[in-house]
Each structure stands twice: as C-alpha cells, then as structure tokens.
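Structure at a glance
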Amino acid sequence: MNERPSEPAEIALHLRWGDMDINNHVNNVQYARLFEEARVRTMKSWFGKGPGGTGSFHIARQEIEFVAPLLYSTDPAIAKVWISRVGTSSFDFGAELRDSLGDLKALCETTGVTVDPQTGSSRPIESEVREFLRTRLIDPVPFRRRA
C-alpha cells in the first residue's frame, strides 16, 4: 500500500441541461457541485462501502480556477482527483475537470479537515488513513499564479 499511483482517480460526470446559464455554458457555481461529486465518488472508491475512511471531515477551503467555458454535452465531462497534500489534521484534494474531448476546463484544490464528530473540533488524521492518503499523493494543483 506504500506504492504511489501513477494516475489520479478518474470520474465520469454527466452534465445536466439545467447546469447551463444565460451564456450557454455550464454556470461557474456548478463547477463546485461537479468537483464535490468527483470527490465523494473518489472517496467511496478508495474506502469502499464499509466503515473506515477519514471519518468526519469538513471542507475548510476550496479554490477553483476557471480555465475555459464548459459547454453542455450529453457526453460526460471527466474529473481527475488525487491527494495533493497531507497534513496533521487536514489534507488537500487536487482535481481537474475536462470536457468529453479532453480539453481542460477547470482546476480545483479543496482542503478537508478531520473533526471529532461530537465536538466539531479538528483532530489529527488517524495514522492508517494518513498512510493511505499518502499513497494517493501526486502533485500540487498547477494553478496559474498571480504576479
């Protein structure tokens, strides 16, 4: 389990007609929903149906860079999801969203903080979970940086 993956998890996401806005492309607010769906499905594939996983965690931060408009299509968009950082009580998901032709449309990084479900206070990531997340560690999200 110490082996690092060569590729991120890949999730096919079907767009909805109602995701479009007046400009005839998927509305920017819908990208957050698409990235959320990709994260949830990735975690399910990594941790399975039974108990385990990260336990309770809250989303503490999310940054999305909109690279190009995503047009509605009946062909699914593709999200790629990976872990880009593992800290003491938090970890970052890296993600990208591409259209059905493979063109990059958005980049995203989301920070999850593990919490005690009774108190809501942050708590350290359990060692087994930390080691697993490290096996999914790939690269930081390649955001364009402002000058």
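Residues numbered from 1 in each chain as written. Predicted model: local features only at pLDDT ≥ 70, side-chain atom pairs only at ≥ 80, totals over all residues. Heavy atoms only, no water.

**With respect to the pairing of strand 1 (residues 9-13)**
Alternating residues of strand 1 divide into A9, I11 and L13, all buried, and E10 and A12, none buried. Note that strand 1 and strand 3 (residues 77-86) share five bridges and pair antiparallel. Its bridge partner lying in strand 3, I11 is registered against A79. (Buried < 20%, exposed > 50% of the residue type's maximum accessible area, 1.4 Å probe, protein only. Helix = DSSP H or I, 4+ residues; strand = E, 2+ residues; numbered from the N terminus. Pairing = 2+ DSSP bridges.)

**What to know about the side chain of T135**
Residue placement: T135 occurs in helix 2 (residues 127-135). Of the polar contacts made by the side chain of T135, one reaches the side chain of R136; its length is 3.3 Å. (Polar contact = N/O pair within 3.5 Å; in protein donor to acceptor, adjacent residues only side chain to side chain.)

**Brief notes about the packing of aromatic side chains**
Across all of its chains, the model carries seven aromatic pairs by this definition. An angle of 85 degrees between the planes, with centres 5.0 Å apart, marks the rings of Y31 and F66 as edge-to-face. Of this pair, Y31 sits in helix 1 (residues 28-47) while F66 sits in strand 2 (residues 57-66), and the two are 35 residues apart along the sequence. Note on F91 and F93: the rings are 5.3 Å apart at their centroids and 65 degrees apart in plane angle, and the pair reads as edge-to-face. Among the aromatic residues, ring-to-ring pairing joins W46, F47 and F132 into one connected group. (Phe/Tyr/Trp six-rings, centres within 6.5 Å; stacked < 30°, edge-to-face > 60°.)

**What about the nonpolar core?**
By size, the foremost hydrophobic cluster in this structure holds 27 residues, and its most contacted members are L13, Y31, F35, L70, I83, L97 and L133. It is helix 1 that contributes the most residues to this core, six residues altogether. Y31 has contacts with V26, I64, F66, A68, P69, L70, L97, K105 and A106, leaving out every residue within four places of it along the chain. Membership of the second largest hydrophobic core comes to five residues, among which are L107, I138, V141 and F143. (Core = buried A, V, L, I, M, F, W, Y, C linked by side-chain atoms within 4.5 Å. Contact = heavy atoms within 4.5 Å.)

**Regarding helix 2**
V129, R130, F132, L133 and T135 are the residues of helix 2 that are buried. The inward-facing, buried residues of helix 2 contact helix 1, strand 3 and strand 4 (90-98).

**Quick look at the pattern of salt bridges**
On inspection of all chains with the given rule, the structure shows ten salt bridges. In this structure, the salt-bridge partner of E37 is R41, at a minimum N-O distance of 3.9 Å. With E37 and R41 both in helix 1, this residue pair falls four residues apart, about one helical turn. For R61, the salt bridge goes to E63, with nearest N and O atoms at 2.9 Å. Overlapping salt bridges bring together R16, D19 and R33 as one network. (Salt bridge = Lys/Arg side-chain N within 4 Å of Asp/Glu carboxyl O.)

Just distances and angles here, no functional claims.
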